[in-house]
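# Architecture and fold: a report
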Amino acid sequence: MKKFLENFLFNKGYILEKITDINKLNSLLKKLSPIAIDKNLIRIGSINDGGYLVPAVLEDIKYCYSAGVGSNYDFEFELAKKGIKCFMADYSINKIEKNSNLIFDKIFISGKSEGKYLSIEDWIEKKKVNPTVDSILKIDVEGDEYKILNSVNKNFFLKFKIIIIEFHNLHYLFNEKFFFLFQDIIEKIINNFYCVHIHPNNDVDFIKKNKNIIIPPVMEFTFINKKNSKISNQKLRFPNKLDSDNNPDKRSIVLPECWNVA
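We now turn to the structure provided with this report. Computed from a predicted structure; not experimentally measured. (Residues numbered from 1 in each chain as written. Predicted model: local features only at pLDDT ≥ 70, side-chain atom pairs only at ≥ 80, totals over all residues. Heavy atoms only, no water.)

### Quick word on the nonpolar core
Counting residues in each nonpolar core, the largest one holds 51 residues, and the members touching the most others are Ile 120, Phe 167, Phe 182, Phe 221, Phe 223 and Trp 259. At seven residues, the largest contribution of residues to this core is made by helix α6 (residues 176–190). When residues no more than four places from it in sequence are discounted, the contact partners of Ile 120 are Ile 109, Ser 110, Leu 137, Ile 139, Ile 148, Val 152 and Phe 156. (Core = buried A, V, L, I, M, F, W, Y, C linked by side-chain atoms within 4.5 Å. Buried < 20%, exposed > 50% of the residue type's maximum accessible area, 1.4 Å probe, protein only. Helix = DSSP H or I, 4+ residues; strand = E, 2+ residues; numbered from the N terminus. Contact = heavy atoms within 4.5 Å.)

### A short note on the layout of surface pockets
Rolled over the atoms, a probe as big as a water molecule pinpoints where empty space is left. Counted as a void, the largest pocket has a volume near 490 Å³. Looking at the largest pocket, it is lined by 30 residues, and the ones nearest its centre are Val 69, Gly 70, Asp 140, Glu 142 and Glu 166. Contributing elements (two or more residues each) for the lining of the largest pocket: α3 (74–81) and β6 (108–110). Considered class by class, the residues forming the lining of the largest pocket number eleven nonpolar, ten polar and nine charged. The volume enclosed by the second largest pocket comes to roughly 300 Å³. When its residues are assigned to classes, the lining of the second largest pocket shows eight nonpolar, four polar and four charged. (1 Å grid on protein atoms, 1.4 Å probe; cavity = no way out; pocket = protein on both sides within 12 Å on 5 of 7 lines; lining within 4 Å. Points joined across faces, edges and corners; volume = space filled by probe spheres on them. Nonpolar A, V, L, I, M, F, W, Y, C, P; charged D, E, K, R; others polar.)

### Topic: the environment of Val 129
Examined against the element boundaries, Val 129 turns out to sit in the loop between α4 (120–126) and β8 (135–139). Taking the C-alpha atoms as reference points, Val 129 and Tyr 63, 66 residues apart in sequence, are found 9.1 Å from one another. Setting aside chain neighbours within four positions, we find Val 129 in contact with Tyr 63, Tyr 65 and Phe 87.

### Considerations on the pairing of strand β1 (residues 41–45)
Two faces make up the sheet, and in a regular strand the side chains alternate between them. Where β1 meets strand β2 (residues 51–55), five bridges bridge the pair, whose relative direction is antiparallel. Along β2, the bridge assignment pairs Ile 44 with Tyr 52. (Pairing = 2+ DSSP bridges.)

### What to know about the state of the cysteines
In a disulfide, the sulfur atoms of two cysteines are covalently bonded to one another. Scanning all chains against the criterion turns up zero disulfides. Just so you know, Cys 64 is unpaired, no disulfide at all, and the nearest cysteine sulfur is the one on Cys 86, 4.6 Å from it. For Cys 86, a relative accessible area of 0% puts it in the buried group. (Disulfide = S-S within 2.5 Å.)

### Topic: the packing of aromatic side chains
Applying the stated criterion across every chain, the model contains 17 aromatic pairs. Here the aromatic rings of Phe 167 and Phe 221 are separated by 5.3 Å at their centres, their planes lie at 85°, and the arrangement is edge-to-face. Residue Phe 167 is located in strand β9 (residues 162–167), and its partner Phe 221 is located in strand β13 (residues 219–225); the two are separated by 54 residues in the primary sequence. Exposure remark for Phe 167: the relative accessible area of 0% places this residue in the buried category. We classify Phe 221 as buried; its relative accessible area is 0%. Where Phe 221 meets Trp 259, the ring centres are 6.2 Å apart and the plane angle is 65°; that geometry is what we call edge-to-face. Within this pair, whereas Phe 221 is found in strand β13, its partner Trp 259 is found in the segment after β13, the two being separated by 38 residues in sequence. In this structure Trp 259 comes out as buried when scored by relative accessible area, which is 0%. (Phe/Tyr/Trp six-rings, centres within 6.5 Å; stacked < 30°, edge-to-face > 60°.)

### Observations regarding α3
Taken together, the buried positions of α3 are Phe 75, Glu 76, Leu 79 and Ala 80. Across the axial projection of α3, the buried residues extend over an arc of 135°, all falling on one side. Within two residues after α3, Gly 83 carries a phi angle of roughly 90°, on the positive side. (Arc of directions from axis to C-beta.)

### Quick notes on empty space enclosed by the protein
Within the structure shown, the criterion is met by two cavities of 30 Å³ or more. Approximately 80 Å³ is the volume found for the largest cavity. Gly 51, Tyr 52, Leu 53, His 199 and Glu 220 are, among the 13 residues lining the largest cavity, the residues nearest its centre. Elements with a contribution of two residues or more to the lining of the largest cavity: β2, β10 (193–200) and β13. If you tally residues by element for the lining of the largest cavity, the top one is β2, at three residues. Within the lining of the largest cavity, the residues separate by chemical class into three nonpolar, seven polar and three charged. Its boundaries defined by the atoms lining it, the second largest cavity holds a volume of some 30 Å³. Lining of the second largest cavity is provided by Ile 198, His 199, Pro 200, Phe 238, Pro 239, Asp 243, Ile 253, Val 254 and Leu 255.

### Observations concerning the environment of Ile 103
With respect to the secondary-structure elements, Ile 103 resides in strand β5 (residues 102–105). With 15 residues separating them along the chain, Ile 103 and Met 88 place their C-alpha atoms 6.0 Å apart.

Shape descriptors only; they carry no functional weight alone.
Structural data, given as structure tokens:
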């Protein structure tokens, strides 16, 4: 019967996939639950799309590596005005505003170097500077983040003080194959980082539910290196007062409680 159903769905253009165990999914969400630290969050960039919440530890930041910027690079521009050198990469745009602290490469950052694609490790190496832990890594590459993050080991992240990632297609966490891919990536990060903020991107305005698990498809995550922070007993509230809808013309999406269980 199972084989018949698989063949029937395949002929209709669908593939039968195993559903993620809810207990495993709950466990992962608990590990990702934002943690309050001894530094306040500040907003860098525009009010809507193009702005991110980061811990107020910018005084020692020297570099920002930003994979994927599009036409809105308010985040990088504000950092540049603070004296932070921002390396930016995006093949979908041709040029950016002139600023000595904005260095732009017309290239896609992906999991390996080939043609118009450059691996993130090759890209950083070409900059000829040592990121150490005085850097920000920002990744917003419309789904290619999984190729990038799957291509590096956990030691790669130790170069950075702050990591910002916009994860796409999170509703596929209910698919066991995607879940294990995502879990492997997250385990590499949270080994040395605290998740301090999650913000659903309301431009994709649907959510997926299964029992007590509610998943917005696109969310922005902010992580801070554990070496640069201490856990606080402060109570986090969502949305943060500095949060703002990515798209003001669509309904707001508040972070579901299942993601905030720390």
